[in-house]
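Topology and contacts: notes
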2 protein chains.
Amino acid sequence: MDARFERRLAEAAERTAALGAAALVVGPSPDLAYLTGYDPTPLERPTLLVVRPERRPALVVPMLERPLAAEAPSAGLLELLAWRDGDDPYELTGALLRAGPVLVSDRIWGVHVLAMQSAAPGHAWWSAAPAIGAMRARKDVEELAALRRAGAAADAALTDLLRGRLIGRREVDVAEELAEHLVAHGHAIAAFTIVASGPNAASPHHEPTERVLSAGEALVLDFGGVLDGYYSDTTRTVALGEASDRLRQVHEIVRTAQAAATDAVRPGAPIAAVDLAARRVIDSAGYGERFFHRTGHGIGLEVHEPPYASQDDPTILEPGMTFSIEPGIYLDAEFGVRIEDIVAVTPDGVEALNVSTRELLVCD
Amino acid sequence: MDARFERRLAEAAERTAALGAAALVVGPSPDLAYLTGYDPTPLERPTLLVVRPERRPALVVPMLERPLAAEAPSAGLLELLAWRDGDDPYELTGALLRAGPVLVSDRIWGVHVLAMQSAAPGHAWWSAAPAIGAMRARKDVEELAALRRAGAAADAALTDLLRGRLIGRREVDVAEELAEHLVAHGHAIAAFTIVASGPNAASPHHEPTERVLSAGEALVLDFGGVLDGYYSDTTRTVALGEASDRLRQVHEIVRTAQAAATDAVRPGAPIAAVDLAARRVIDSAGYGERFFHRTGHGIGLEVHEPPYASQDDPTILEPGMTFSIEPGIYLDAEFGVRIEDIVAVTPDGVEALNVSTRELLVCD
C-alpha cells in the first residue's frame, strides 16, 4: 500500500466537503491514477470512483476488470463494487450519492455523465477541477523530481538534434529524429513533436508535413513526452542558415516576454500576472493581435492541466505548482516564434526545469 | 474533398431530426473522424462539431488549431468558428442551438458537457449513440475491406507466435512478441495483447505479468491492433504441453457456444439472439455463472462500439454490421477459456473475419 493514495483520497474527501458537495465521481483518467494508482483504459463499461466525506471510497468496476482493480496499490482502501453485464452501473453509482451536488472529474466520457444524471436526478453536477485539479496542481517532492528529469531529458534531446544538419530535410523526418532522442534520453514515449518550418511556424499546433526545411527560414520545435509518468514540454525557435533582421527582432520580443513572465513567478502572485507580464511586452511591441493564446498551462500527469497562465484563471501561485511559459508571435504566411519552458514555483521564487539557451540559435 | 463525409454529415443531420433533436454535438473522437475526417487530440480547449437539420455543420475550434481544421478533408462543408483563449467556446456553441434536445457524442469529456449544459440551459441532453452509433455500425465496402485485412493480419500474427516455443517464457515476453507480429503483419499499432496463463486466464482483462508459462496450463491470448484505421480483435485458448480432460471439456463447451452464436447471425435477427445462443449452450452445461460478460461488441474505428451482443441491446442485425463473438468460461484460481472472432453480417448470413482454427491447440 502506498501512503500517498491514502493521503490523497482523504484530501479529496475533505475538499469535496469544503466545496459543499456530497460526492466526487472520477472515471479512468490521470485523476483516477493520481488518487488510487489504478489506471485502466477508459471504455464504454464505466469504472467510477466515488469519494464521499466521512465514508470509505467506493470503486464501481466491471466484473471482468475486478481482478485488475483488486491489484491496485490503493485497493485496500476501497470498497470494490463489481457489476456484471446486464446490471445498471449508473443506478449502482447513484445509490451511493447522498443529496447534494456531485463533482465530476473532467475527463469522464459524456455518455457516463448523461447516464448518471439520468439515473440520479435531482443532483447538481459540477466540475471536479476546483477539488482535484487544485490538489494535482501542487506537486510533491517526488513529482517535482520526475518533472525535473523529464525537463532535462527534453533539453538533451534538443541538443542532440541540433548537432546534426536540418536544412534539406523534411519536417516529418526531423520530427521522427526528435522523438527518437526523447526516448533515448529516458522518455517512455514521445508524445508530440511539432516541427514547423517557414510559414508553417505561424500555426501553433502544426503537424509535421513533407515540407523541406530551407536556409533563411524560421523553425519552431515544440516537443515532449512522458518520463516516469510525468510530461516534458519545451519549445525553441531556430533560424536556418541565417537569421533575417525581422526574425531576430520578433524573436527578441518573444524572448523578453518569456523572461518577464518567468520573473513574475513567485508564491502569492496570481498566475494571471504571469500571463500579463508576457502580454504587456508583446502588446507594447505592437504584436498583441499575433499572440492569440494563453501564456501557459499546468503540466504533470497530463501535458495540459490546471493551473493555466491566462487572464481567466484565478489561481494564486503556491510552491510546487508547475506550468509552461510559452509566449509566441504568429505572422500568417510568413513565420512564427515561440519559446517555452516548464517552471516550478519554489518557496521563494521560480525554478526553470528547462535550461536550453533561449537566445536565437542559427543552425545548418 | 471526400464524398463520404458529405454523405455522412447529411445522414447525421437527418438522423438528428428523425430523433426529434435540435442538434448533434461531437467532440474529438472516432465519431468526429468518421463524420469529418478530422481527428485532433481531445484537450481542455474544446473542439465541437455542431450538426443541425437543414443547416450547414459548424466546427467550433480553438484559434491555434484553426489551420489544422482548415486542412480536414471535409473543411469545405463546415463553417469554421475559431475562438481565442479568453472567449467562451461554450457560449459560442450554445448560440448555435435552437430549442430542443441536444445529442452528445459518447466520448466528449464530461467537463465540456457540464459547461455546455451551464451555457445553454433549457435543453435536454441525450446520448448521440442512437444516431451516430447506428450509422457507424453499418460498415461500407471500404470499411469491410479494412476489417478483413485487419482480421487476416491478426490470424497471421497468431500463426507466427505459435511457431515458437511458449513454455518457460514470461507472459510479458510473449505479449511483446505477439505485438511485434501484429505490426509485422501490417498493423500500425498493437493496441492490446492479453497473455493470461494458468489461474490468470480466469481474469478476462488480465494484464501480462512476469509469470512464467508452464506445461499443463491453459493460455488465453486476446489481441488486436489498428490496421488502416480499423481494429482487429481475436482470442484463442491453447493448452501448454498437454490438455487436461477438464480443459478439453470446458474448451469444447465454449467452442460449441461460439459456433452456435455465429450460426445465429443473419440480417433481421436481433443481436440479442446471438448472445442468447451462446448463453444457452454455456447455461445448459452448468457454467452460466462463470460466463459473466456479454457475448460481443461492435468493432470498427473503435475496438468496442455499438452494437453489443447482449440481452440489453435492441439492435436488429443488418448487412455490414461487424462485431465480436467471444463467449468465455472463467474458473477462479484455476483457469479460463475464451474464443473470439470478428464476424460481419452479410446479405444472407455471416462472414468470419478470423479463420484460425477454433479447435483446442496443444503447444510447447
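Refer to the preceding data block for the structure.
Now for a look at the structure at hand. (Residues numbered from 1 in each chain as written. Chains lettered and ligands numbered in written order. Predicted model: local features only at pLDDT ≥ 70, side-chain atom pairs only at ≥ 80, totals over all residues. Heavy atoms only, no water.)

**Structural notes on helix H10 (residues 271-284) of chain A**
Residues spaced three or four apart along an α-helix point in a common direction, a consequence of the helix completing one turn every 3.6 residues. This is how the line gets drawn: What counts as a helix is a DSSP run of H or I of at least four residues, what counts as a strand is a run of E of at least two, and both are numbered from the N terminus. Under the convention used throughout, the expected extent of a helix is 1.5 Å for every residue step, that is, one less than its residue count. Contacts are residue-level and defined by heavy atoms, with any inter-residue pair within 4.5 Å sufficient.
Here H10(A) spans 20 Å end to end across 14 residues, near enough to the 20 Å set by a 1.5 Å rise per residue. Of the surrounding elements, those touching the buried residues of H10(A) are helix H9 (245-263), strand E12 (305-309), strand E13 (322-325) and strand E14 (328-331) of chain A.

**Considering the interface of chain B and chain A**
Note: interface size is frequently given as the accessible area lost on complex formation between the parts. Definition in use: The term buried area refers to how much accessible surface (probe radius 1.4 Å) is lost by two components on association, counted for both of them together. For this analysis, a salt bridge means a side-chain nitrogen from Lys or Arg found within 4 Å of a carboxyl oxygen belonging to Asp or Glu. Any N or O atom pair separated by 3.5 Å or less is treated as a polar contact, with the protein-specific requirement of one donor-capable and one acceptor-capable atom, and with residues adjacent in sequence counted only for side-chain atom pairs.
Listed per partner, the contact involves 35 residues of chain B and 35 residues of chain A. Here chain B meets chain A over a buried area of about 3400 Å², counting both sides, of which 59% is carbon and sulfur. Its largest share of buried area at the contact with chain A, chain B owes to Leu64(B), Leu114(B) and His205(B), together 18% of the area lost on that side. Joining chain B to chain A, the criterion identifies 4 salt bridges. On inspection of chain B and its partner chain A, the count reaches 16 residue pairs in polar contact (both at pLDDT 80 or more). Contributions of two or more residues to the side of chain B that touches chain A are made by helix H3 (66-70), helix H5 (110-119) and strand E6 (125-127) of chain B.

**Re the packing of helix H1 (residues 3-18) of chain A against helix H6 (residues 129-137) of chain A**
For any two helices packed against each other, one specifies the inter-axial angle together with the distance between the axes. Residues and elements named next belong to chain A. As a reminder, the rule being used: Interaxial angles span 0 to 180 degrees and are taken between N-to-C directions of axes, which are lines fitted to C-alpha atoms, for helices over the stretch in contact. Crossings are assigned a handedness: left-handed for a near helix turned anticlockwise from the far helix by less than a right angle, right-handed for a clockwise turn. Lys, Arg, Asp and Glu make up the charged group, whereas Ala, Val, Leu, Ile, Met, Phe, Trp, Tyr, Cys and Pro make up the nonpolar group; the residues left over, Gly among them, are polar.
Between H1 and H6, whose axes approach to 9 Å, the crossing angle comes to 145°. As H1 runs across H6, the sense of the crossing is right-handed. Residues Arg8, Glu11, Ala12 and Arg15 of H1 touch H6, and the partners they reach there are Pro130, Ala131, Ala134 and Met135. Here the contact of H1 with H6 is composed, by residue class, of 5 nonpolar, no polar and 3 charged.

**A closer look at the sheet that holds strand E1 (residues 23-26) of chain B**
Residues and elements named next belong to chain B. To keep things clear, this is the line we draw: Any two strands with at least two DSSP-identified bridges between them are counted as paired.
Pairing is mixed across the open sheet formed by 6 strands, whose spatial order is E4-E3-E2-E1-E5-E6. In this open sheet, the two strands that pair with only one neighbour each are strand E4 (79-83) and E6. Taking the axes of each pair of neighbouring strands and ignoring which way they run, one obtains an average angle of 25° across the sheet. Taken together, the 3 bridges between strand E5 (residues 102-104) and E6 define a ladder with parallel strand orientation.

**A look at the side chain of Asn200(B)**
Residues and elements named next belong to chain B. For Asn200, the location among the structural elements is in the loop between strand E7 (189-197) and strand E8 (218-227). A polar atom in the side chain of Asn200 sits 3.4 Å from the side chain of His206. Excluding anything up to four places from it in sequence, Asn200 contacts Glu171, His206, Thr209 and Arg211.

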